[in-house]
Amino acid sequence: MSDTLAATVRQALASVRDPATGQDVVANGMLQGLSARDGLVQFALAVPRERARALEPLRAAAEKAAGSVPGVLSATCVLTAHRDIQTGPAAGAPPAPHSHGPAPGTARATRPTPGQGQMLLPDIGAILAVASGKGGVGKSTTAVNLAVAMAASGLAVGLLDADIYGPSLPQMLGTSARPRSAEGRIQPIEAWGLKAMSIGFLVEQETPMIWRGPMVMGALEQMLGQVDWGKLDVLVVDMPPGTGDAQLTMSQRVPLAGAVIVSTPQDVALIDARRGIRMFEKVQVPVLGLIENMSFYCCPQCGHRSEPFGHGGARAEAERMGVEFLGELPLKLEIRELSDAGTPVVGARPDSHEAATYRQIAARLREKLGQRRPAAAPRFVVE
Ligand SMILES: Nc1ncnc2c1ncn2[C@@H]1O[C@H](COP(=O)(O)OP(=O)(O)OP(=O)(O)O)[C@@H](O)[C@H]1O
Ligand SMILES: [Mg+2]
């Protein structure tokens with residue numbers, strides 16, 4: 001870290017005041033986790049959860065103040081939950097009512113770094129992670145199609161590609177548009193009725209993705225916090241593969257309402273799916289269900305159905321783990337072709353059997369998310 005730059009930024013932030021108390025954000029202890037490296041500045045303001053919406057102007061002002069320090073190329077400020085950062089409740093304390101993420105202090109899988117509390121995103125109704133332990137099982141395909149199906153049902157939906165190393169949204173949504181920036185906020189790309197963001201929209205395809213662990217979270221924070229999502233009913237997050245530290249940190253830092261696990265029927269994928277379920281349980285993110293992808297094979301010529309990897313493994317695994325089985329999608333050439341062409345099957349072939357299955361799963365998830373957030377923000381309203 002550049003200590004001098006960090007010190008100058010700290011000084012600049014001392015001129016940013018909480019309007020409620022008139023105290024500056026350094027003196028009142030809100031400033032947390034300031035890091036400055038190669039001109040990239042990141043920090044959090046720890047605020048009481050209930051003030052998050054009202055304090056958006058403070059966040060913007062702090063970001064602006066940091067960004068105008070000479071030598072700063074980019075500054076990102078996120079609001080995080082106040083309690084997470086201070087002492088937090090004792091380990092094992094019950095989660096706060098209607099909190100839609102791990103209760104601070106209860107998720108002990110990785111030790112939260114000071115200043116690395118859970119992000120506060122008050123304008124986003126629910127954040128839904130689409131994950132799997134194993135790569136290549138169809139997470140992104142599932143995330144895109146579920147998001148398109150939710151948007152088609154009238155919800156305001158965002159789709160975030162959290163795969164920093166292998167972003168796939170630009171291809172799957174069929175757009176390589178560059179996001180515009182307006183008043184310091186990045187405008188998401190609009191496609192298929194969604195607002196979408198991916199590192200793939202921000203950097204050239206050929207740019208090597210050499211990100212160190214902490215930078216992955218930084219990039220994600222930027223995409224969550226600096227993107228002008230507006231008011232969303234649901235933000236679907238296409239998670240990167242694996243259950244390593246990056247995924248764990250993300251599941252702790254991002255206030256997830258729930259996770260959906262995608263698996264193929266093979267044993268090896270199911271073992272990883274189990275790992276994925278355990279990871280979310282560890283950080284107290286509810287697993288809303290399991291989807292079996294490439295469940296059976298449909299011959300494009302004659303429609304004959306065969307089951308090259310066995311079939312039904314995910315349903316059985318879901319039962320074993322006490323998780324709802326949400327549905328199954330066939331291994332079908334058309335799904336891949338449409339996906340590769342940037343036309344998700346739900347949008348491009350709404351009358352297909354697959355589109356109907358995705359819509360059914362999306363409706364069930366909407367129901368489950370609704371049930372999970374009865375009082376916090378009943379925002380599943382079709383406007
Ligand atoms: N049901 C399906 N039928 C046919 N092809 C599919 C199906 N689901 C996904 N695919 C194809 O399989 C490949 C991998 O899918 P996808 O990129 O969605 O997986 P992923 O789990 O997101 O992978 P990664 O772990 O690399 O992020 C893609 O080419 C996709 O088009
Ligand atoms: Mg993917």
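Above this note sits the structure.
What comes next is a walk through the structure. (Residues numbered from 1 in each chain as written. Chains lettered and ligands numbered in written order. Predicted model: local features only at pLDDT ≥ 70, side-chain atom pairs only at ≥ 80, totals over all residues. Heavy atoms only, no water.)

Regarding the site of ligand 1
Using the following cut-off: Nearness here has a simple test: a residue counts as near a molecule or strand if at least one of its heavy atoms is within 4 Å of that partner. In the analysis that follows, any N or O atom pair within 3.5 Å is treated as a polar contact, provided that within protein one partner can donate a hydrogen and the other can accept it, and provided that, for residues neighboring in sequence, both atoms belong to side chains. Surface accessibility follows the Shrake-Rupley procedure with a 1.4 Å probe radius. Residue values consider only the protein chains on display as shielding. The way it works is that DSSP assigns letters per residue, a run of H or I at least four long becomes a helix, a run of E at least two long becomes a strand, and they are numbered from the N terminus. Following the grouping adopted for this structure description, the nonpolar residues are Ala, Val, Leu, Ile, Met, Phe, Trp, Tyr, Cys and Pro, the charged ones are Asp, Glu, Lys and Arg, and the polar ones are all others, Gly among them.
By nearness alone, 19 residues border ligand 1, and Gly136, Lys139, Ser140, Thr141 and Pro330 come closest of all. Take glycine 136: an N or O atom from its main chain is 2.8 Å from an oxygen atom of ligand 1. Contacts to ligand 1 include asparagine 293, whose side-chain N or O atom sits 2.9 Å from a nitrogen atom. Across the complex, the protein chains shield 81% of the 630 Å² of accessible surface that ligand 1 would expose by itself. Of all the secondary structure elements, the ones that give two or more residues to the shell around ligand 1 are helix H4 (139–152) and helix H11 (333–340). The residue inventory of the shell around ligand 1, partitioned by class, reads seven nonpolar, seven polar and five charged.

Brief notes about helix H1 (residues 3–13)
Heads up, the condition is: Only protein chains enter the accessibility calculation, which uses a 1.4 Å probe. A residue is then buried if its area is under 20% of the maximum for its type, exposed if over 50%, and partly exposed in between. Each C-beta atom gives one direction from the helix axis, and the arc is the one those directions make. Throughout, a contact is declared for two residues whenever any of their heavy atoms are within 4.5 Å.
Buried residues of H1: Leu5, Ala6, Val9, Ala12 and Leu13, and no others. Seen along its axis, H1 keeps its buried residues to an arc of 120°; they face one direction. For H1, exposure combined with an orientation more than 90 degrees from the buried face picks out Asp3, Thr4 and Gln11. As for H1, its buried residues are in contact with strand S1 (31–37), strand S2 (40–47) and helix H2 (56–67).

Things to note about the pattern of salt bridges
As a reminder of what qualifies: Every case where a carboxyl oxygen of Asp or Glu lies within 4 Å of a side-chain nitrogen of Lys or Arg is listed as a salt bridge.
Applying the stated rule across the entire model yields 18 salt bridges. One salt bridge connects arginine 51 with aspartate 18, and the closest N-O pair in it is separated by 2.9 Å. Of this pair, arginine 51 sits in the loop between S2 and H2 while aspartate 18 sits in the loop between H1 and S1; the two residues are 33 residues apart in sequence, bridging distant segments of the chain. The shortest N-O distance in the salt bridge between arginine 320 and glutamate 317 comes to 2.8 Å. Of the two residues, arginine 320 and glutamate 317 both sit in helix H10 (residues 313–321), three residues apart, roughly one turn of that helix. Looking at arginine 320, the relative accessible area reads 62%, which means it is exposed. Through salt bridges with shared partners, a single network forms among Glu56, Arg59, Glu63 and Arg185.

Function-wise, these values are silent; they only describe arrangement.
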